[in-house]
Amino acid sequence: MRLIIVDALLEQERQIQNGTVEAQLEIFEQYRVPPVDYCILSHRWMGNEVKYEEVRKLTKIDKRDEIRGWAGYQKVLRSCEQAKRDGLRLLWVDTCCIDFENGPETSEAINSMFQWYRDSRLCYTYLHDVCIFPTKPDKMFAKFNGWPEWFSRGWTLQELVAPSALQFFNKDWECIGDKQSLAPKLAEITKVPLHILRDGLSSHRPSVAQIMSWAADRGTKCIEDRAYSLLGLLGINMPTLYGEEKGAFQRLQLEIMRVSNDQSIFAWKDSTTCNKRWSNGVLADDPDSFRDCHDVIKIEPKEFYKGLSLLWDSDSTELVTSQEDDEIPTFTVANGAIQIRLPLLPYHGCPSVFLAALACRRENDPLPMTIGLTGFGSNYYRYSGAAGPLQLLPQYRRLYLAYRDERPQDITFKLDDRTVPYYGFTRSDVYPRKVSLAGNSFTLSSTSPLAIISYGNSTVNASFAVAFGFCFGQDWVHVICDEQAIDAKKVWNAGAEYARIMAEVRFGERGRPYYVKHEPLPHTIWTVRVICGRLEESSDRRVTVDVLPLPGGYWKTLGWEPVYDIEDNIDMPCLMKKTSWIGERFDSHALLVDSVPKVFNLAHGLQEVEVNNNAYTLVS
C-alpha cells in the first residue's frame, strides 16, 4: 500500500509557491500492512486527475504549474490540508497512490481497496457538484437519478459502505455532514439498509442478490469495473482482466459460487416480478438485472422446506429425504455449466419447462422465490414468461445449469407468404404489435423471442397462425391450425419443445437446409404448407407459407421433413424443384431455364412467373 506523506506534499507545495525548491522530496511511503492511522479520499474521477509519476516527480516536470492547476491535483492538496488539521500523517488517494502502468499492482489494489477503505481512520468524501448536502432529488442532477454524481458511480458504493467514519465535503471543501448523521438519507438514496450503513457488513451479512441490487444503475468507465468494484463487498478475490468486458461479471458470479451456496445469485428477474418472455444462461449480464432484489434475503434449510410446502401446497418431507442431508445444496462449477440440485415443478403439458424454487425469499413474503428453467440438450437454461397450471408433485433433480452462452443472440426471418391470398386468406394480426414486418423481414432475440402471424378467411370462417421463436440460440417455427384464439402464453410454454424438435430434425443434415411441414385446416379441404430453411451464405431463415387444396383436407405427414434441391430464389416464390417426396402428391410443371429442363412444384397462387425476363404461364 502506497501512502502520501501529508507533511511532505504540503512542504513541496510551499516550496514551489515560494520558488525555493531545492530537491525532490520523498512524497510516498510504502507499507506491506496498512498502518493504523491514515485517511483516505473518495471522489468522482474527472478528466484531469494527477497520476503517480506526476506527483512523485512534480518538481522536475516542466509543466508542473499546469499540473498544480488541475482539479485532480487540487483534490489531493485539499485532502492533505484537511488531514493536517485532523492530525493524520498519511493519506491514500487512488489516482496517484496506484501506479496504473503496473498491471499486477493495479490488480492487487483493486482486490484490496475495500479493506483499505474499511481500515482507514477517516474517509473524506468530496462532492464536487454541491454546496449543501441534498435532502431531496434535484432536477439539476437528472442524469444521476436526481442526486449528486458521486452516488451514480460504481466504485463509490464500496467507498460508502466500507469506512466506519466518513465525512462529506462540498465543492469548496466545507464539511456538510457525516455518514452516521446522514445515514437515513443515504439509505434512501442508495437502497443500502440503514443498519449496514451504521454498523457495517459484518453486523448482518446481506444476500448476494441484495448487494448486487445496490450496484444496479451505477456506472463505471470500463465495463469490467462494474464487477471489480463489487469484489470487496462480496468478499471475493480474483485477477483483473481488462478487455473481457461483461465476462468479468460472469467470472465474479462463478467465484461467488465457489465459496458460497447463496442461491439468491439466481434470483435476478424472478418469475413473480417479470412476466416478459426471454431465455438465457443462468447468470446475469450485469448488476442491473438485480435492480429489484433490494429486499431478497437468504433462508435456512428448515424455513426453506417449510416454505416449499406452502408454495406448492405439498408435503416437502419427500423432498427433504431425497437429499443427502438437510442442508442447502452447494454448487459445483464445471466447464460451461453449474451443477446443483434444485426442487422443480413442471408445467402441465410442458414436460421440459419448470419452476425451480430457490433458498431465498423477499423480506415480507414467507414463500421461496422461483425462477423458470427449461432443459435443452444436456443443460438447463433460464426461461421466463411461462404461465399456466403446474403439475402436482415436485421433485428434486440434479441439474447442469448453462452459464456460458456462446450461441447466436438473434435471428432474422425472411417471410414469403405472397401466395396465401389465392384462396382468400389474408394476414389478420401480428403479435406482439412491436414486431415490424418491413420488407417481410423481422428479427427475434433472446429478449424478444416470439412472434405470431395470424391469417384468416372470413368467407369460410377458417384461420391459422404461424409462430416464430428463438431460444438458446435455436430458432423454431410452428403452425397453429386448431385454435380459434391464439394463446401466446401457451405457445411460449411449448417453445422450448419446438426448439428441441427443430434442433433434432436439422442435426447432421448437411446439404439439406430446407424442411417442410404440412398442417391440415380442420373442417376444410386445405392444408397449410410451411417451408423453413437457411439462406445460402447467411444465418437468416427464409420461411415460405402457402395454402394447398387437398382431397379430404388431409396430409399424412405432420412432422418436419427434409426437402431436397430447393430453388432458392426470392423472385420465384413457392416454386420449388420437384423433390424425392414419397407419395408424389405435388403438382409439377416443367420449364426450360437457360435451355435446361427443370421440374417445379406449382404454387397455386402464382399462375404466371417471370424467368430471365420472359413470362411463362403455368396451367394445371
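Since we're looking at a predicted model, the values are computed, not measured.

So, how was this worked out
Residues numbered from 1 in each chain as written. Predicted model: local features only at pLDDT ≥ 70, side-chain atom pairs only at ≥ 80, totals over all residues. Heavy atoms only, no water. Helix = DSSP H or I, 4+ residues; strand = E, 2+ residues; numbered from the N terminus. Buried < 20%, exposed > 50% of the residue type's maximum accessible area, 1.4 Å probe, protein only. Contact = heavy atoms within 4.5 Å. Areas by Shrake-Rupley, 256 points an atom, 1.4 Å probe, with all protein chains shown as cover. Expected span 1.5 Å × (residues − 1). Axes fitted to C-alpha atoms, helices over the stretch in contact; angles between N-to-C directions. Parallel < 35°, antiparallel > 145°, perpendicular 65-115°, else oblique. Left-handed = near helix turned anticlockwise from the far one by under 90°. Nonpolar A, V, L, I, M, F, W, Y, C, P; charged D, E, K, R; others polar. Pairing = 2+ DSSP bridges. Core = buried A, V, L, I, M, F, W, Y, C linked by side-chain atoms within 4.5 Å.

**Student:** Can you explain the overall build of the protein chain? Please cite residues and give values.
**Tutor:** Counting its secondary structure elements, the protein chain contains 17 helices and 31 strands. Residues counted as buried form 55% of the 620 residues belonging to the protein chain. Within the protein chain, residue pairs in contact and separated by at least 24 positions form 64% of the contacts whose partners lie at least 6 positions apart. For the protein chain, the accessible area works out to roughly 28900 Å², and carbon and sulfur atoms hold 48% of it.

**Student:** Tell me what's going on with helix α4 (residues 71-85), and back it up with residues and numbers.
**Tutor:** Owing to its 3.6 residues per turn, the α-helix aligns residues three or four sequence positions apart on the same side. An ideal rise of 1.5 Å per residue puts 21 Å on 15 residues; α4 measures up with 21 Å between its terminal C-alpha atoms. Listing the buried residues of α4 in full gives Gly72, Tyr73, Lys75, Val76, Leu77, Ser79, Cys80, Gln82 and Ala83. Backbone geometry just after α4 places Gly87 at a positive phi near 75 degrees.

**Student:** How would you explain the packing of helix α1 (residues 6-18) against α4 if you had to name every residue and give the values?
**Tutor:** At a minimum axis distance of 9 Å, the contact between α1 and α4 shows a crossing angle of 120 degrees. Relative to α4, the element α1 is oriented oblique. Of the two possible hands of crossing, α1 and α4 adopt the one that is left-handed. Note on element contacts: α4 touches α1 through Tyr73, Val76, Leu77, Cys80, Glu81, Ala83 and Lys84, opposite Val6, Asp7, Leu9, Leu10 and Glu13. Here the residues of the contact of α1 with α4 are counted per class, giving eight nonpolar, no polar and four charged.

**Student:** Break down the pairing of strand β12 (residues 350-357) for me, citing the residues and quoting the values.
**Tutor:** Most of β12 sits inside the fold, with seven of its eight residues counted as buried. As judged from the four bridges shared by strand β11 (residues 337-347) and β12, these two strands associate in the antiparallel manner. Pairing of Pro346 across the sheet is with Phe354, part of β12. Counted between consecutive antiparallel strands, the loop separating β11 from β12 contains two residues, among which Gly349 sits at a positive phi close to 80 degrees. Here β12 pairs with strand β14 (residues 370-376) via five bridges, running antiparallel. Within β14, the residue paired with Ala356 across the bridge is Ile371.

**Student:** Could you give an account of the nonpolar core, naming the residues involved and the relevant values?
**Tutor:** What tends to happen in soluble globular proteins is that the nonpolar side chains get buried as a cluster. Core analysis: the largest hydrophobic core is formed by 117 residues, its most contacted members being Ile4, Trp92, Phe168, Leu252, Phe266, Ile338 and Leu373. Apart from residues no more than four positions distant in its own chain, Leu252 is found in contact with Met212, Ala227, Leu230, Leu231, Leu234, Ile236 and Met238. Judged by nonpolar contacts, the second largest core, of 66 residues, contains Leu345, Cys350, Ala451 and Val466.

**Student:** Now, about the sheet that holds strand β6 (residues 166-169): what can you tell me, with residues and values included?
**Tutor:** Taken in spatial order, the seven strands make up an open sheet running β2-β1-β4-β3-β5-β6-β7, and their pairing is mixed. The open sheet has two free edges, formed respectively by β2 (28-30) and β7 (175-178), since each of these has just one partner strand. Between one strand and the next, the sheet's axes are offset by a mean angle of 30 degrees, whatever the strand orientation. Summarising the sheet, strand β1 (residues 2-5) and β2 pair through three bridges and their orientation is antiparallel. From the neighbouring strand, Leu3 faces β2, where its bridge partner is Glu29. The strands that α1 touches are β1 and β4 (90-92); relative to β1, the one it contacts most, it runs at about 50 degrees.

**Student:** I'd love a proper account of the environment of Ser428, names of residues and values included.
**Tutor:** Position of Ser428 among the secondary structure elements: in strand β18 (residues 426-431). What makes Ser428 exposed here is its relative accessible area of 52%. Along the primary structure Ser428 and Phe464 are separated by 36 residues, whereas in three dimensions their C-alpha atoms are 9.8 Å apart. Ignoring anything within four residues of it in the chain, the contact list for Ser428 reads Ser454, Tyr455 and Gly456.

**Student:** Go over the sheet that holds strand β24 (residues 526-534) with me, naming the residues and quoting the values.
**Tutor:** Pairing between the strands of a sheet is mediated by backbone hydrogen bonds and can be parallel or antiparallel. The mixed open sheet is built from six strands, whose spatial order is β19-β17-β25-β24-β23-β26. Edge positions in the sheet fall to β19 (441-445) and β26 (561-563), since each of these pairs with one other strand and no more. Here the strands of the sheet are splayed against their neighbours by 30 degrees on average, with no regard to which way each runs. Sheet topology places strand β23 (residues 514-520) next to β26; three bridges connect them, and they run antiparallel. Along β26, the bridge assignment pairs Tyr514 with Val563.

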